[in-house]
Amino acid sequence: MSTNIYVPDVNRRSKASRAQSRLAWLLITPTIIVLTIVIIVPVFQSLQQSLYGKPGLDPETGFVSDVEPFVGLDNYTSIFTDAGSRFWTAAWNTTLFGVVTVVLETILGVAMALIMHRAMRGRGFVRAAILVPWAIPTAVSAILWGWIFNQNGVANAILGQHIMWASGNASAKLAIIIADVWKTAPYIGLLTLAGLQVIPDEVYEAAKIDGANAWKRFTKITLPLVKPALVVAVLFRALDALRMFDLPYILIGPRKNSVETISMLVQDEASNLRYGSAAAYALILFLYVFIFAFAFTRITHADLGATAPRSGGGRRRKLPATVFLPQGRPAAVGATSDNTIARTSERSKS
Amino acid sequence: MSASDHPRRKIDWAGALSTFGIFLIVIYCLAPFYWMVVSSLRPDIEIFENTWWPRHVSFENYQAVFSTKNNFGQGLINSLIVSVVVTVVALAIATFASYALARLDFRGKGVLLLVVLATSMFPLVAIIVPLLKNFSAWNWINTYQAMIIPDLSFSLPLAVWNLTSFFRQMPQELEQSAMVDGCTPGQAFRKVILPIAAPGIFTTAIIIFIGAWNEFLVAVTMINNPAMQPATVLLSKFTGASQFNTPFGSQMAAGVVMTLPLVIMVLLFQRRIVAGLAAGGLKQ
């Protein structure tokens, strides 16, 4: 008797969950289709393309052919021969910009966040100001910094120098780094501030009672608690810096050794119809970025929140990056400090 | 740390220091932008002067920007078309996907979220070669779709990621109570969820729009006809009256024209944008 009641119950439940799962896939399908078309298929085409050379004279028939010859791994191996010097320069520039800009803007950004976090007045205004560099199109900021670093520009006027910023090797690199740090340090500051604001005041008060000085409180409380937010911000910035294109392309110019990045090299090869080598370089950059991201998330234990911690994290040892997503906040923290930036500003406005 | 916890003299020190810090931050962020505005207002013969304010305020650079030779007005229209279409398409597709990712239970959800996140970190240049080849084979070079479709590769993951976090913030009971009141799941989504999610969707729209308005790599690769180029590309190729001098004044004026709408948007919606950036934690 009891099984008669029990069995339909299970069926109904699994039917409902199956219906939910069907609806979910229906809703997600358009996204999957678009991402397949604009990313996954092109990546495989790129992979294939990288094995082909530039059409030219067919060595067998002696006729000009517009079929691309299959060259195997030649596009990759040419990196280790003479053709590779331009690639290695670009790889070095990419790495240099990636590391230096991200380190500088992290330091500056954290400093900004600490200042903004302490400031009681004028928060709304500062927040608007700090968004301006972020909102200015990179192309415009490149033109703007090009003007500042003009030989007769304001940078030289302030320094009392006549530096030809764009033509020097080190000075051109420095110009790019300054322009990029200006644009993106505020962004790191903003995200760090969001991380700071979920740290409850009680933690600091307890530490103060225990006799921790300001530096101790910064290194033992602020940094560890803000780290998850900071790690995500730094990761995204680093990946962005590694694919840097617009800024050096416009500020210094295309095909300039001093600042050419791998992205610029790929674009130049592709627009000169050397599709094969362009694809090879692009895939190397892809791999580079991927390895970087993988290593970075492993070393820093970044939790990107993609695993959707719905069920509450008993197994979580640290404050995850999901502090950005309100439901992801561990209950202990979330319960006491629900002051998201939006709410804080409402309070400061009233 | 409320003010009353500190002895009086200490507060004043800390207050003065943080006011000074705030002052530095604002100068840091706004000085280059200020310099662009000031430079754009100088007449051409005074362009190399480094005074804090132009001696003679002139709008000749703005007239030069919009002279028909530069085609800049058309460039702005092109940017607008591309950015609006990208924003609308990305939002329309992403709203459904993020609703499912945030509210429904199904197998493979974690993997899907990771895939979306991974694609948003993707170097755009890695797909530019096949897209360029395909688009030239289809005679799509110098068309809007040649800019719009590649732009979706960064705007769609961003939209999904952002909207998922917004949908998650809503109480789970919303749909249930709507359905108790007799709504179908579709109606509950349309009549209850969407209106409540509107602020989050709007925030995401602004962030995507700014991203698409900024786009340069795709446009400079796919578009070589000046009539089709967006403002970013046109700006980078501005030439002066003669081939030999760079028209700094009109470049700055064009920069101001391109940026001012975004700056106004930022001023109006700064609270939302910050919430959106913090929620997504993505891209500049």
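So, on to the overall build of chain A. Looking only at helices and strands, chain A features 14 helices and zero strands. Seen in sequence order, chain A has helices and strands lined up from the N terminus as α-α-α-α-α-α-α-α-α-α-α-α-α-α. Looking at chain A residue by residue over its 350 residues, the buried ones come to 52%. Long-range pairs, those at least 24 residues apart, make up 65% of the contacts in chain A between residues at least 6 apart in sequence.

With that out of the way, let us pick up the nonpolar core. In this structure, Trp 134 and Val 266 of chain A together with Phe 72, Met 222 and Leu 277 of chain B are the most contacted members of the largest nonpolar core, which totals 191 residues. In this structure Val 266 of chain A touches Ala 278, Tyr 281 and Ala 282 of chain A together with Val 125, Ile 128 and Val 129 of chain B, once residues within four positions along its chain are discounted.

Residues and elements named next belong to chain A. Phi is positive for Arg 255, close to 55 degrees, though the residue is something other than glycine. Inspection of the secondary structure assignment puts Arg 255 in the loop between helix H10 (246-251) and helix H11 (262-271). In this structure Arg 255 comes out as exposed when scored by relative accessible area, which is 56%. One non-glycine residue, Leu 273, lies in the positive phi region at around 65 degrees. With respect to the helices, strands and loops of the structure, Leu 273 is situated in the loop between H11 and helix H12 (275-300).

All right, on to the packing of aromatic side chains then. On inspection of all chains with the given rule, the structure shows 25 aromatic pairs over all chains. Between Phe 202 of chain B and Phe 269 of chain B, the aromatic rings sit 4.9 Å apart at their centres with planes inclined by 80 degrees, giving edge-to-face as the arrangement. Of this pair, Phe 202 of chain B sits in helix H8 (residues 185-214) while Phe 269 of chain B sits in helix H11 (residues 248-280), placing them 67 residues apart in sequence. For Phe 202 of chain B, a relative accessible area of 35% translates into the label partly exposed. Here Phe 209 of chain B and Trp 213 of chain B contribute two aromatic rings whose centre-to-centre distance is 5.8 Å and whose plane-to-plane angle is 20 degrees, an arrangement assigned as stacked. Of this pair, Phe 209 of chain B and Trp 213 of chain B both sit in helix H8, four residues apart, which is roughly one turn of that helix. We note that Phe 209 of chain B, like Trp 213 of chain B, is buried. What links up through ring pairs into an aromatic cluster is the set Phe 80, Phe 87, Trp 88 and Tyr 281 of chain A.

Quick look at the interface of chain B and chain A now. Contacts between the two partners involve 101 residues from chain B, matched on the other side by 104 residues from chain A. Between chain B and chain A, a total of about 9,200 Å² is buried, with carbon and sulfur atoms accounting for 74% of that surface. Summed over the shared surface of chain B and chain A, the number is zero salt bridges. Seen at the junction of chain B and chain A, the total is eight residue pairs in polar contact (both at pLDDT 80 or more). The element best represented in the side of chain B that touches chain A is H11 of chain B, accounting for 18 residues. When the residues that make up the side of chain B that touches chain A are grouped by side-chain class, the tally is 66 nonpolar, 26 polar and nine charged.

Residue and element names in this part refer to chain A. Structurally, the position occupied by Val 259 is in the loop between H10 and H11. A relative accessible area of 0% places Val 259 in the buried class. Not counting the four nearest positions on each side in its chain, Val 259 is found in contact with Asn 93, Phe 97, Ala 172, Lys 173, Ile 176, Pro 248, Ile 252 and Met 264.

To continue, consider the pattern of salt bridges. Proximity of charged atoms lets side chains of opposite charge pair with each other. All names here are of chain A. By the definition in use, this model includes ten salt bridges over all chains. The partner of Asp 240 in a salt bridge is Arg 243, and the shortest N-O contact between them spans 2.6 Å. Pair check on accessibility: Asp 240 and Arg 243 agree, each one buried. Two residues, Glu 269 and Arg 274, come together in a salt bridge whose shortest N-O distance is 2.9 Å.

The next subject is the packing of helix H3 (residues 85-118) of chain A against H11 of chain A. All names here are of chain A. Where H3 contacts H11, the two axes come as close as 8 Å, and the packing angle between them is 140 degrees. One way to sum up the angle between H3 and H11 is to call them oblique. Contacts between H3 and H11 involve Arg 86, Phe 87, Ala 90, Ala 91 and Thr 94 from the first element and Ile 262, Leu 265, Asp 268 and Glu 269 from the second. Residue composition of the contact of H3 with H11, by class: five nonpolar, one polar and three charged.

Attention now moves to the environment of Phe 87 of chain A. All names here are of chain A. Its place among the elements puts Phe 87 in helix H3. The spacing of Phe 87 and Thr 261 is 174 residues in sequence and 8.7 Å in space, taken between C-alpha atoms. With residues near it in sequence (within four places) discarded, Phe 87 still touches Ile 79, Ile 262, Leu 265, Tyr 281 and Ile 284.

Time to look at the confidence of the model for chain A. All names here are of chain A. Looking at chain A, the pLDDT average stands at 79 and 79% of residues meet or exceed 70. Every residue in residues 1-10 is under pLDDT 50, and counting partners more than four places away or in other chains gives one contact. Predicted confidence is poor over residues 306-350, with pLDDT under 50, and the contacts of this stretch with residues over four places away or in other chains come to 75 contacts.

Looking now at helix H6 (residues 145-168) of chain B. Residue and element names in this part refer to chain B. Taking 1.5 Å as the rise per residue, H6 with 24 residues should run 34 Å; its terminal C-alpha atoms sit 33 Å apart, in good agreement. Leu 152 marks the point of greatest bend in H6, at about 40 degrees. Burial within H6 is extensive, with 22 of its 24 residues counted as buried.

Let us look at the packing of helix H7 (residues 169-196) of chain A against helix H9 (residues 214-242) of chain A. Packed helix pairs are characterised by how far apart their axes lie and by the angle those axes make with each other. Residue and element names in this part refer to chain A. For the pair H7 and H9, the least separation of the axes is 9 Å and the interaxial angle reads 140 degrees. Classed by the angle they form, the pair H7 and H9 counts as oblique. Considering how the two elements wind past one another, H7 and H9 form a crossing that is right-handed. Along its contact with H7, which presents Asp 180, Thr 184, Tyr 187, Ile 188, Leu 191, Thr 192, Gly 195 and Leu 196, the element H9 presents Thr 222, Val 226, Ala 229, Leu 230, Ala 233, Val 234 and Arg 237.

Residue and element names in this part refer to chain B. On the surface, a nonpolar cluster with roughly 630 Å² of combined accessible area is contributed by Tyr 34, Trp 52, Trp 53, Val 57 and Phe 59. Within the secondary structure layout, Val 57 lies in the loop between helix H1 (8-40) and helix H2 (60-65). Given the relative accessible area of 44%, Val 57 is considered partly exposed.

Reading the values: rules and limits
- Starting from 1, residues in each chain are numbered consecutively following that chain's sequence as written.
- Labels follow written order: the first chain is A, the first ligand is 1, and so on.
- Residue-level local features of this predicted model are given only where pLDDT is at least 70; pairs of side-chain atoms are given and counted only at 80 or more, and the full residue set underlies all totals for whole chains, interfaces and linings.
- With hydrogens and water set aside, each side-chain value is computed from the structure's full complement of heavy atoms.
- Under the DSSP-based scheme used, a helix requires at least four consecutive residues in state H or I and a strand at least two consecutive residues in state E, with every element numbered from the N terminus.
- The buried label goes to any residue with under 20% of its type's maximum accessible area, the exposed label to any with over 50%, and the partly exposed label to all in between, with areas taken from a 1.4 Å probe on protein chains only.
- Between two residues, a contact is recorded if the distance between any of their heavy atoms is within 4.5 Å.
- The criterion is simple. A nonpolar core is a set of buried Ala, Val, Leu, Ile, Met, Phe, Trp, Tyr and Cys residues joined through side-chain atoms within 4.5 Å.
- Any Phe, Tyr or Trp ring, taking Trp's six-membered ring, that has another such ring centre within 6.5 Å forms a pair; planes under 30 degrees apart are called stacked, those over 60 apart edge-to-face, and the others tilted.
- Throughout, the accessible surface (probe 1.4 Å) given up by two parts as they are put together, summed over both, is called the buried area.
- Salt bridges are identified by distance alone: a Lys or Arg side-chain nitrogen within 4 Å of an Asp or Glu carboxyl oxygen.
- As used in this structure description, the phrase polar contact means that two N or O atoms lie within 3.5 Å; if the pair is within protein, one of them must be able to donate a hydrogen and the other to accept it, and residues adjacent in sequence are counted only when both atoms belong to side chains.
- Each residue gets one label: Ala, Val, Leu, Ile, Met, Phe, Trp, Tyr, Cys and Pro are nonpolar, Asp, Glu, Lys and Arg are charged, and the others, such as Gly, are polar.
- Helix axes are fitted only over the stretch in contact, all axes being lines through C-alpha atoms; the angle between N-to-C directions runs from 0 to 180 degrees.
- Here the word oblique covers every angle except those under 35 degrees (roughly parallel), over 145 (roughly antiparallel) and from 65 to 115 (roughly perpendicular).
- By definition, pLDDT measures how confident the predictor is in each residue, and it falls between 0 and 100.
- By this rule the span expected of a helix is its residue count minus one, scaled by 1.5 Å.
- Given a residue, its bend is the angle between the two axes fitted to the seven residues that end at it and to the seven that start from it.
- In a left-handed crossing the near helix is turned counterclockwise from the far helix by less than a right angle, and in a right-handed crossing that turn is clockwise.
- Exposure above 30% relative accessible area and no salt bridge define the residues that can form patches, which grow by joining like charges within 9 Å and nonpolar side chains of Val, Leu, Ile, Met, Phe, Trp and Tyr within 5 Å.
- Per-residue and other accessible areas follow the Shrake-Rupley method at a 1.4 Å probe size, with only the shown protein chains counted as cover for residues.

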